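Understanding the architecture of this molecule
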Amino acid sequence: MKVTTAVDKLRRAGVEVIDFGAGEPDFPTPGPAKAAAHKAIDENFTKYTANAGIAELKRAICDRYRADYGVEYSEAEVIVSAGGKQALYNTALSLFGSGDEVITHAPYWPTLTEQVKLADATPIVVHTSAADGFTIRPQAILDAITPRTRGIIINSPCNPTGALISEADLEAIAEVTARRRIWLVIDLCYEQLIYEAVPHNLPGVVARTCRDLAVICGSASKRYSMTGWRCGWTIGPAALVAACGAIQSHSTSNVASITQKAALAALTGSQEPVRLMLQEYRIRRDRLYEWLTADSRVRCFKPAGAFYMFVDVSQALGGHGLRSTTEFAEALLEEQKVAVTPGEAFDAPGFLRISYATSMENLREGSRRLLDFVGAHAPRQSAVSSLHSSV
Ligand SMILES: Cc1ncc(COP(=O)(O)O)c(C=O)c1O
């Protein structure tokens, strides 16, 4: 959000900026969703709805998860909220409180830990490592459990790394959380944006292993390119959903009636737009990877999901120059007019998040400028010193 504000400011001043900061798809919302919204307005479907969402939409969410994952949930086990963000927030406020510890993994989307703090609980962060492809290892999560642990939040595909947790690894966590009566929240906001046909039926895993303590948070934002419409959902035990409903009822009430009709059309219509967006992201990911890895001072790996490349630029830091990726990002914007999100935002110093939810031309030109910038700040090792280091 901060990066977007800086970019907006520069653009208003007439400066052309290449924006790799955006955490949202650059595609238009699919036509059927837009048409359903127009129809809702024309038919005056513009009043309050049921707080937890219209029955057809809750039904459509249950049907979507049944079709995608084979899980059975009823309407009483679903609440529609203003984006995945509110779905996760209602969940955090319902489940966590003072004295509780909630485990999650880093690099992370910062809202996850901030929401835990807003609930007056303490986030416990387990770090994954670049050398391991940022894989979430169940043992590391389980080792962080204490008698105060009330919940575990897993985000897969992960923002910012694009890493996935495997079904077996989530199951290893779920077996323990079921036994120790700990809530397991899975943030699936990027769930349809997975590049290879790897098994990723996380709802299936939690539904069969720890259903009475499992919460699934999803969203229309990324999968249907509907970030501005604000539609997400929480699926879980009816009592939890009722608690989320009470919080929502006294804070924001229902998601905009028009948005609900649009999301209904997106969920029940053809899923082809999602496939087409994924196909385009895959091409961009591969090209960007190829361009960036042409310079050995920049290290990255291909993300398995979402639309971010998480890039190690630590070789361009230190000495008398840039001290952090926040400084790197500021200087990159200043000198090269390229906006990226610094790793410190995700508890991952030394890294940058590059969003490839932008055009191929921007990716080509932006990666060229980024490498120029790295070249200026991280002089290449001489032949002799690289020989020494390989010895
Ligand atoms: C990991 C993760 N979860 C949830 C969300 C929430 O998205 P929204 O509130 O737009 O549905 C985001 C948004 O960037 C995200 O990155």
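Residues numbered from 1 in each chain as written. Predicted model: local features only at pLDDT ≥ 70, side-chain atom pairs only at ≥ 80, totals over all residues. Heavy atoms only, no water.

Sheet architecture is open: 7 strands sit in the order β2-β8-β7-β6-β5-β3-β4, paired in mixed fashion. At either margin of the open sheet sits one strand with a lone partner, and together these are β2 (78–81) and β4 (122–127). Between one strand and the next, the sheet's axes are offset by a mean angle of 20°, whatever the strand orientation. Taken together, the 4 bridges between strand β7 (residues 214–219) and strand β8 (residues 232–235) define a ladder with antiparallel strand orientation. From the neighbouring strand, I216 faces β8, where its bridge partner is I235. With respect to the sheet, helix α4 (residues 83–95) is in contact with β2, β5 (149–155), β6 (183–187), β7 and β8, its orientation differing from that of β7 by roughly 160°. Of the strands in this sheet, β2, β6, β7 and β8 touch helix α9 (residues 238–251), which is tilted by about 30° from β2. (Pairing = 2+ DSSP bridges. Helix = DSSP H or I, 4+ residues; strand = E, 2+ residues; numbered from the N terminus. Axes fitted to C-alpha atoms, helices over the stretch in contact; angles between N-to-C directions. Contact = heavy atoms within 4.5 Å.)

This paragraph deals with helix α3 (residues 55–69). If you check α3, its first and last C-alpha atoms are 21 Å apart, about what 15 residues at 1.5 Å a residue would give, namely 21 Å. Taken as a whole, α3 has its buried residues at L57, K58, A60, I61, C62, R64, Y65 and Y69. Buried residues belonging to α3 abut β2, α8 (202–209), β7, β8 and α10 (257–268). Within two residues after α3, G70 carries a phi angle of roughly 75°, on the positive side. (Expected span 1.5 Å × (residues − 1). Buried < 20%, exposed > 50% of the residue type's maximum accessible area, 1.4 Å probe, protein only.)

Bringing the layout of surface pockets into the picture now. By volume, the largest pocket amounts to about 1,200 Å³. Around the largest pocket sit 38 residues that line it, and M1, K2, T4, G21 and R353 are the ones nearest its centre. Listed by contribution, the elements that provide at least two residues to the lining of the largest pocket are α1 (2–12), α4, α5 (110–118), α12 (325–336) and β12 (341–342). Each residue belonging to the lining of the largest pocket can be placed in one class, and the counts come to 16 nonpolar, 13 polar and 9 charged. The computed volume of the second largest pocket comes to approximately 190 Å³. Taken together, D68, Y69, E191, Q192, I194, E196, A197, V198, H200 and L278 make up the lining of the second largest pocket. Of the residues that constitute the lining of the second largest pocket, the class distribution is 5 nonpolar, 2 polar and 3 charged. (1 Å grid on protein atoms, 1.4 Å probe; cavity = no way out; pocket = protein on both sides within 12 Å on 5 of 7 lines; lining within 4 Å. Points joined across faces, edges and corners; volume = space filled by probe spheres on them. Nonpolar A, V, L, I, M, F, W, Y, C, P; charged D, E, K, R; others polar.)

The terminal C-alpha atoms of helix α2 (residues 31–42), which comprises 12 residues, lie 16 Å apart, in line with the 16 Å expected from a rise of 1.5 Å per residue. Considered for burial, the residues of α2 that qualify are A33, A36, A37 and A40. Seen from one end, α2 has its buried residues packed into an arc of 100°, which puts them on one side. For α2, the exposed residues lying more than 90 degrees away from the buried face are P32, H38 and D42. (Arc of directions from axis to C-beta.)

Note that strand β3 (residues 101–106) and β4 share 6 bridges and pair parallel. Residue pairing in the sheet places H105 in a bridge with V126 of β4. A crossover connection joins β3 to the parallel β4 through α5; in handedness this β-α-β unit is right-handed. (Right-handed = clockwise from strand over helix to strand, strands pointing away.)

Here we take up the site of the ligand. The full set close to the ligand counts 14 residues, and G84, N159, D187, S219 and K222 are the nearest of them. One of the backbone nitrogen or oxygen atoms of G84 is found 2.6 Å away from an oxygen atom of the ligand. Between the ligand and the protein, one listed contact pairs an oxygen atom with a side-chain N or O atom of S221 at 2.8 Å. (Near = heavy atom within 4 Å. Polar contact = N/O pair within 3.5 Å; in protein donor to acceptor, adjacent residues only side chain to side chain.)

Moving on: the pattern of salt bridges. Enumeration according to the criterion identifies 28 salt bridges in this entry. Residue D295 is joined to R297 by a salt bridge in which the shortest nitrogen-to-oxygen separation is 2.9 Å. Residue classification places R297 among the buried positions, given a relative accessible area of 10%. Here R323 makes a salt bridge to E327, at a shortest N to O gap of 2.6 Å. One network of salt bridges, with partners in common, ties together R59, D63, R66, E72 and E75. (Salt bridge = Lys/Arg side-chain N within 4 Å of Asp/Glu carboxyl O.)

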